[in-house]
Structures are given as structure tokens and as C-alpha cells.
Amino acid sequence: MTTNRVAETPREIHDVFKDLHRRFGVRGLEKRRADQAYLRADRDEVIPLLTHLQAVHGYGHLAFFTAVDRIEEGVFELLYMVHNYELRHDLGIIAEIPREGDGCTMETIHRLWPAALTYQRELREMFGIAFPDCPRVDEDFALEGWDDLPPMRRDFDTREYSERVYYARPGRVTKETRKHMKENLYPSEAETW
Amino acid sequence: MADATTTTRTYAERGAPANAAVANPDPRTIAGGPVAAPAGEIATSPKEADVRTVDGQLRIFTEQLKLANEGLAPEDRRNFCDHPPEVIKPFRGTWEKFLNWARSESLWILGFGTGCGAIELRPLMTARFDMYRYGIQPRPTPRQSGVFVIGGYASVKTMKRIVRSYEQMQGPKFVVALGSCTINGGMYWDSYNTINRLDHYIPVDVYIAGCMPRPESLLAGFVRLKEMIRAGECEGANRYAENFEWYKTNQKRIIKNWNMPDYNW
């Protein structure tokens, strides 16, 4: 909570929303804070939309680019968060792509923001999303020589993998924190909980 | 590009990864090894052995006492030694005691913070805790150092650098593992990317438990290490040489893109 936060979304930003609604098939405007909003777009419209935002509306800074695995719906949600320094406004563009098969691919944005290359390398490694035409996207990012399911996909069982690959030291016990503290550390205060 | 798309499609169809059943070829070395060796495996001719697999490289090692260095490019291979490390027996009697006293009084630690616990090394250097009064000081390179402090969790990517650095240190060398993560994985015990037991990859002399241990605990650990060195109990480098195959199997099982020499002097 910053004190100099804008109380209400300024008029200029409403104009941006209006313009986007007029030009692109965006939907689902969600104003989470006065200085932060989210819009949903079709995957084919994301690149023109981001180009327009960057060139016309001054959203020149890519804050981050990440994905969310919505395994129940069978999609990855890609989130492009762009920032406008003049209006001090964050705009998140959300697009959905299928998790499996040939559709699990997205157009590269490294021509708009060169730094996006690193995000795309990470998404390729951690989620298995392909970015055709993106340079260096197949290089290792954090994992070196990974040959299993990409670990950030929710169908990857990290505990099972750890037990299979790294040697678990026997004798590890997990105590239920609350119960343990009641019994051993603060017995006199236990009845007040 | 096309390659990445292929990856996306094939991993779902694939079953267990190829590394799932790498056997410990020498179960004699350390009791309670991870997997028992299949019978008759070591007896295969080295010519038939596929040098690209861990088993094949270890077969060459077992039968010819040579390191395959298969991870290196052919033109680089001649730049690296193909001899495995050798056991250097300690002297007997007073001379070794004198050497051990001298070693324990000048512990030079490798300034390589491998995890979050390395933050505790900074206060150690300051006036409040002042590790220099114990004869401990940091050195910039592995070849100048005698003590390797593993600062907490070790990811597989770091493990690769830890192995290289450890092998470059000159013997006798000591390893102090600090934090719960090096003992049993700590809070990262079920992570896909951090190891659970450091002593399966390099020999460890002293563990300092805690998440993370205070500088006082580190000093206590160093004092314990000094006692152990004086008692002649810190033979980690020799243990590494004796159980070289076992350590290498464990290391190669997790470090999948092994593009470094098999032993790095």
C-alpha cells in the first residue's frame, strides 16, 4: 500500500480501454486496483495488441511475462504485464493456449522487447511452451539437461521425482506444528488457542 | 522451433526417464548404496561397453583404471588427465600429528557461496565473530583452499560446480556442510531441483544443522573440524578416491549434461 497511489483510474486510461475495445476483440476488463487492470485477448490478437500498446499508448515496459497452468480447463494462461511510466499504470494481457499437442505454442515477442527472450526461454523450459522463431529459446535456462516433464506443469509430481532421483535420508519425520507447540513448547497457553 | 514442438509432444508419451535405473556398480564401497548392481554386469568386455553411458564409462574405469572423459569434445580430451584420484596414505606417528596440527590451525575456506546459508559467512568475517582468530580465512580459488563450506541447499546446477571445485582443491581437503538442506534436503526435500543428501556426491566431514545455523554454530562446527583434523579423522579426499566409482555414479545420475572431465585436478 503506497500512500501516493492513484485513487481512481484516470480518464486517459479509460480512453486506452475504449480504444482497445474498438480495435481488438478484447474482453473481460478487470480493474484490480486503480493503477492495475487486466484484459483478456485471443492468442492471435496478442501481438498486434501489444505492438499497439507499446507504439501508441506508451506501455513501453514489459514488467514480466509468465504462464499459469490451468490444468482443469486444459489451457495455459499467458500473462503479459506491461507498464506505462507516464500514467503509472500496469496492464496485464491474458491469453489462453492449449496445454497439450501442437497448439502449445505462442508467437515470440522478442522483437518488441528483447528481454522477453529470457522469459520465453524460461517458459519453454518450465512449461514446455514452444516459441518458434525466437532465437536461443532452446538453450538451457535454470535446468541443465532436463529430460523429464517440464517441472512447472501441474501434472509433474515433484515429490515423486525427488524420491526417485535424489536419495532421501531415512528417518525424516514431519510434526504438525500447532500440535507440537501445544504439547511441548507452550503447554500453559494451550487452552487459550 | 520444430524441435521444441517435438519435445512438447513426446514427453507425455514417454514413461520413466532413462536415468531411472542407473545401478551402483560397486555396492561393496559404501553400505546401503542406492541400488544393487545387477549380477554379471561388470564382467562384460570393455570393447562392447558403450562409453556414452555411465555404466560403460565405469566399466572402463573398473577394468582399465582409466577415465573415459566422454563428456568432453575429442580435441579437448588430451588436455585433461585420464587417471582417477589416488589414495595418499597419511604418515605415521609424530610427523603426521605435527602436520595435522598445522592443517587445523590454518583453515582456508573457499569463498563460494553455494546457497542461502552462505549469508552466514559474512558475519563470521566481521569483528563481532571474527573467524580469523581461529586461523580461518577465505580464499578466492579452489586450488588455494582447504575447506569447502557448502552453504545450504545445492541445486543440480550448483552441484556440477561444487563437484568441479571440490576436485580442484588440493588434498587434504575438508568439507563443512551447513544447514538442514545438505543433511536431508531441509525445506527443499521434495524439490525437483535440489539434492537431498550431500554425502552421496562429495565426502562431508562436519555437518552443522539449522535453517540456517547462526555464526556461533559455524564457529562450533569449525572448532569440531579442528579437533577432528588433529585426531586424524578427516580423510575425505582419500574416501573420495577409494569410493570414486560410487561418487561418480551418483553425480552422473543427476548431472545429465556432463560436459566436463571425469576428474578435474
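Because the structure is a prediction, the values reported are computed rather than measured. (Residues numbered from 1 in each chain as written. Chains lettered and ligands numbered in written order. Predicted model: local features only at pLDDT ≥ 70, side-chain atom pairs only at ≥ 80, totals over all residues.)

Caption draft 1: Layout of the overall build of chain B. Along its length, chain B carries 10 helices and 5 strands. Every one of the 265 residues in chain B was classed for burial, and the buried ones make up 38%. (Helix = DSSP H or I, 4+ residues; strand = E, 2+ residues; numbered from the N terminus. Buried ≥ 20, exposed ≤ 12 C-beta atoms within 10 Å, placed from the backbone.)

Caption draft 2: Structural context of the overall build of chain A. Summing up its helical and strand segments, chain A has 5 helices and 5 strands in all. Across chain A, helices and strands are ordered from the amino to the carboxyl terminus as α-β-β-α-β-β-β-α-α-α. Against the globule reference of 16 Å for 193 residues, chain A gives a C-alpha radius of gyration of 22 Å, more extended than a compact globule. Expressed along its principal axes, the backbone C-alpha trace of chain A runs to roughly 65 × 45 × 30 Å. Within the span of chain A, comprising 193 residues, buried residues form 24% of the whole. In chain A, 50% of the contacts between residues at least 6 apart in sequence involve partners at least 24 apart. (Rg over C-alpha atoms; globule rule 2.2 N^0.38 Å. Contact = placed C-beta atoms within 7 Å.)

Caption draft 3: The arrangement of the pairing of strand β1 (residues 27-33) of chain A in detail. Buried residues are scarce in β1 of chain A, accounting for 0 of its 7 residues. Adjacent in sequence and paired antiparallel, β1 of chain A and strand β2 (residues 36-40) of chain A are bridged by 2 residues. (Pairing = 2+ DSSP bridges.)

Caption draft 4: Fine view of the nonpolar core. With 48 residues, the main nonpolar core has Ile150, Val176 and Ile202 of chain B as its most contacted residues. Counting only domains with at least three residues in this core, you end up with domain 1 (17-86 + 240-254) and domain 2 (94-234) of chain B. Of all hydrophobic cores here, the second largest spans 31 residues; its members include Leu50, Leu91, Ile109 and Met126 of chain A. (Core = buried A, V, L, I, M, F, W, Y, C linked by C-beta atoms within 7 Å. Domains from an automatic or database assignment.)

Caption draft 5: Just the domain arrangement of chain B, in detail. Residue and element names in this part refer to chain B. Segmentation of chain B into domains returns domain 1 (17-86 + 240-254) and domain 2 (94-234). With 5 residues of domain 1 in contact, the opposing surface of domain 2 contributes 8 residues. Here the side of domain 1 that touches domain 2 is built from residues that sort into 3 nonpolar, 2 polar and no charged. (Nonpolar A, V, L, I, M, F, W, Y, C, P; charged D, E, K, R; others polar.)

Caption draft 6: Spotlight on the packing of helix α4 (residues 94-105) of chain B against helix α8 (residues 215-230) of chain B. Residues and elements named next belong to chain B. Interaxial distance between α4 and α8 falls to 8 Å at its minimum, and their mutual angle equals 165°. Here α8 runs roughly antiparallel to α4, going by the angle between their axes. Once α4 is placed against α8, the crossing between them reads as right-handed. Each of Asn100, Trp101, Arg103 and Ser104 in α4 lies in contact with α8, whose residues at this interface are Lys226, Ile229 and Arg230. When its residues are assigned to classes, the contact of α4 with α8 shows 2 nonpolar, 2 polar and 3 charged. (Axes fitted to C-alpha atoms, helices over the stretch in contact; angles between N-to-C directions. Parallel < 35°, antiparallel > 145°, perpendicular 65-115°, else oblique. Left-handed = near helix turned anticlockwise from the far one by under 90°.)

Caption draft 7: Here's a closer look at the pairing of strand β4 (residues 174-178) of chain B. All names here are of chain B. Of all the 5 residues making up β4, 5 are buried; the element is thus mostly covered by neighbouring parts of the structure. Direction of pairing for strand β3 (residues 147-151) relative to β4: parallel, over a ladder of 5 bridges. Of the residues in β4, the one forming a bridge with Val147 is Phe174. What joins β3 to β4 is helix α6 (residues 156-168), and the crossover it makes is right-handed. (Right-handed = clockwise from strand over helix to strand, strands pointing away.)

Caption draft 8: Geometry of the environment of Pro140 of chain B. Residue and element names in this part refer to chain B. Within the secondary structure, Pro140 is located in the loop between β2 (136-139) and β3. Given 10 C-beta atoms within 10 Å, Pro140 falls into the exposed group. Separated by 109 residues in sequence, Pro140 and Thr249 place their C-alpha atoms 29 Å apart.

Caption draft 9: Quick peek at unusual backbone geometry. Gly171 of chain B connects to Pro172 of chain B through a cis peptide bond whose omega is -10°. If you trace the backbone, Pro172 of chain B turns up in the loop between α6 and β4. Backbone torsion omega between Cys211 of chain B and Met212 of chain B reads -10°, so that peptide bond is classified as cis. Positionally, Met212 of chain B belongs in the loop between β5 (206-208) and α8. We note that Arg88 of chain A has phi near 50°; this positive angle belongs to a residue other than glycine. Tracing the chain through its elements places Arg88 of chain A in the loop between β4 (75-84) and β5 (89-98). Phi at Asp130 of chain B takes a positive value of approximately 50°, unusual for a residue other than glycine.

Caption draft 10: Representation of the sheet that holds β4 of chain A in the model. All names here are of chain A. If you walk across this open sheet you meet the 5 strands as β1-β2-β5-β4-β3, and the pairing is mixed. A single partner strand is all that each edge strand has here, and the edge strands are β1 and β3 (61-70). Recorded for the sheet is a direction-independent mean angle of 20° between the axes of neighbouring strands. With 10 bridges connecting them, β4 and β5 associate as antiparallel partners. Paired with His83 across the two strands is Asp90, which belongs to β5.

Caption draft 11: Summary view of the confidence of the model for chain B. Residue and element names in this part refer to chain B. Across chain B, pLDDT averages 79, with 77% of residues at or above 70. Within chain B, no element has a lower average pLDDT than helix α1 (residues 2-13), which sits at 35, and none a higher one than α8, at 95. Overall, residues 1-49 carries pLDDT values under 50, and its contacts beyond four positions in sequence, including any with other chains, amount to 65 contacts. The ipTM, which scores confidence in the relative placement of chains, is 0.79 for this predicted complex, and the corresponding pTM is 0.79. (pLDDT = per-residue confidence, 0-100.)

Caption draft 12: Fine view of the environment of Arg230 of chain B. Residues and elements named next belong to chain B. Relative to the helices and strands, Arg230 resides in helix α8. Measuring from C-alpha to C-alpha, the distance between Arg230 and Asn100 comes to 5.1 Å, with 130 residues separating the pair along the chain. Those residues in contact with Arg230 that lie beyond four places of it in its chain are Asn100, Trp101 and Ser104.

Caption draft 13: Structural detail: the environment of Thr66 of chain A. Residue and element names in this part refer to chain A. Of note, Thr66 is situated in strand β3. The exposure class of Thr66 is partly exposed, given the 15 C-beta atoms found within 10 Å. Taking the C-alpha atoms as reference, Thr66 lies 7.1 Å from Leu123; in sequence the two are 57 residues apart.

Caption draft 14: Main features of α8 of chain B. Residues and elements named next belong to chain B. Counted at 1.5 Å a residue, the expected span for α8 with its 16 residues is 22 Å, and the 23 Å between its end C-alpha atoms agrees. Check the buried side of α8 and you find it contacts α4, β1 (107-110), α5 (121-125), β2, β4 and β5. Backbone geometry just after α8 places Gly232 at a positive phi near 75°. (Expected span 1.5 Å × (residues − 1).)

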